[in-house]
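Fold and contact review
So you can see what is in the structure, the chains are spelled out below.
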Amino acid sequence: MRNIKSRIFSLCVLIATSVAAMHAQQTTLTIDSLFAEMPDSVLPYLSRNNRLDLIDFSKASMKAVVTNSFDEDCEMEQLADNYLRIRLNGCSIVEMKLKKADRLLPDSSEYMLYMLKTVGCETKHSVLYRYTSRWNSLGEEQIQISNPQELMERKMPVTDEEQDILTNISRTMTIVGHLDGETDWMTVEPCLSGCTTDEKRLVEEKITLKTFKINLK
């Protein structure tokens, strides 16, 4: 009798473990599956076939390039389980980061998706979009620093005139973000927008441009 009870108990444990494993398998998402099912309106540049081709090429270790709807080359530069990076064209980059939410989201999703769009060639700026894993929007925000001068650290003394120039530069600086495929941090750095050659030279000689890390929430 004891052996029968022991076998029944072992069988119950095995069934419970299998069910839990199946449930975990079903609820574990990867960035490529979400990218494939992404609504076309999120990135009108890319059709569903474009997205599937990029995924297939990348997984096959091939150069992942397709022609987008504006007849431009679009390249998937990196693909991991929870991160991808795509160059939509010469002046536009999209990064996506998948993260398990610390709470159940309004539409009952367990995962949150961050999408960082960086646009511009000389003058760049980034916008961070948040979605549930069901592609319901959770809002967006411009990447900004309240005091841009915090990103400029003097490495040499400056004159009053040079300080005035640097102050004006800080007012026109834009902020560029970069998502990290390994951690839940976003790195932000300054982009010198509309600076003359002399102004850029002044920054290079007298200033160290700093970067910051922001935890994704």
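Summary of the structure given here. (Residues numbered from 1 in each chain as written. Predicted model: local features only at pLDDT ≥ 70, side-chain atom pairs only at ≥ 80, totals over all residues. Heavy atoms only, no water.)

**Observations concerning the overall build of the protein chain**
For clarity, the cut-off: In DSSP terms, a helix is any run of H or I states spanning at least four residues, a strand is any run of E spanning at least two, and both are numbered starting from the N terminus. For every residue, the accessible area (1.4 Å probe, protein chains only) is compared with the maximum for its type, and the residue is labelled buried under 20%, exposed over 50%, or partly exposed between those bounds. Only heavy atoms matter for contacts: two residues are in contact if any of them lie within 4.5 Å across the pair. Under the convention used here, a 1.4 Å probe and the Shrake-Rupley method define accessible areas, while residue burial counts only the protein chains that appear.
Looking only at helices and strands, one finds five helices and twelve strands in the protein chain. Out of the 217 residues in the protein chain, the part that is buried amounts to 37%. Partitioning the contacts of the protein chain with sequence separation of at least 6, the portion at a separation of at least 24 is 46%. Approximately 13100 Å² of the protein chain is accessible, and the part contributed by carbon and sulfur atoms is 51%.

**Focus: the layout of surface pockets**
Threshold: Put plainly, a pocket is an open set of points on a 1 Å grid over the protein atoms alone with protein on both sides within 12 Å along at least five of seven lines, a cavity is a set where a 1.4 Å probe fits but cannot get out, and a lining residue has an atom within 4 Å of a point. Grid points are joined across faces, edges and corners, and a volume is the space filled by probe spheres set on the points. Side-chain classes are defined by residue name, with Ala, Val, Leu, Ile, Met, Phe, Trp, Tyr, Cys and Pro counting as nonpolar, Asp, Glu, Lys and Arg as charged, and the others, Gly among them, as polar.
If you add up the space inside the largest pocket, you get close to 190 Å³. Along the wall of the largest pocket there are 18 residues; nearest its centre are Ile93, Thr118, Lys124, Val176 and His178. Broken down by secondary-structure element, the contributors of at least two residues to the lining of the largest pocket are strand 3 (83–89), strand 4 (92–100), strand 5 (111–119), strand 9 (174–179) and strand 10 (185–191). In the lining of the largest pocket, the residues fall into seven nonpolar, six polar and five charged.

**Some thoughts on the environment of leucine 179**
Tracing the backbone shows leucine 179 in strand 9. Sequence separation between leucine 179 and isoleucine 214 is 35 residues, and the spatial gap between their C-alpha atoms is 9.7 Å. Look past the residues within four positions of leucine 179 in its chain and what remains in contact with it is Tyr83, Glu95, Met96, Lys97, Tyr114, Leu116, Trp185, Met186 and Leu216.

**Observations regarding the sheet that holds strand 7 (residues 137–142)**
Spelled out, the test is: Here, strands pair whenever DSSP counts at least two bridges between them. As a rule, the C-alpha atoms of each element are fitted with a line to give its axis, helices using only the stretch in contact, and angles between N-to-C directions run from 0 to 180 degrees.
Across the sheet, which stays open at both edges, the seven strands sit in the order 1-2-3-4-5-6-7 with antiparallel pairing between neighbours. Both outer strands of the open sheet, strand 1 (65–67) and strand 7, are each paired with one neighbouring strand and no more. Across the sheet, the mean angle separating the axes of adjacent strands is 20 degrees when strand polarity is ignored. Taken together, the four bridges between strand 2 (residues 73–79) and strand 3 define a ladder with antiparallel strand orientation.

**With respect to the sheet that holds strand 12 (residues 212–215)**
The three strands are arranged 9-10-12 in an open sheet whose pairing can be described as antiparallel. Pairing within the sheet leaves two strands with one partner each, and these edge strands are strand 9 and strand 12. Between one strand axis and the next, the sheet turns by 35 degrees as a mean value, whatever way the strands run. Where strand 9 meets strand 10, six bridges bridge the pair, whose relative direction is antiparallel. Following the sheet pairing, histidine 178 is matched in strand 10 by threonine 187.

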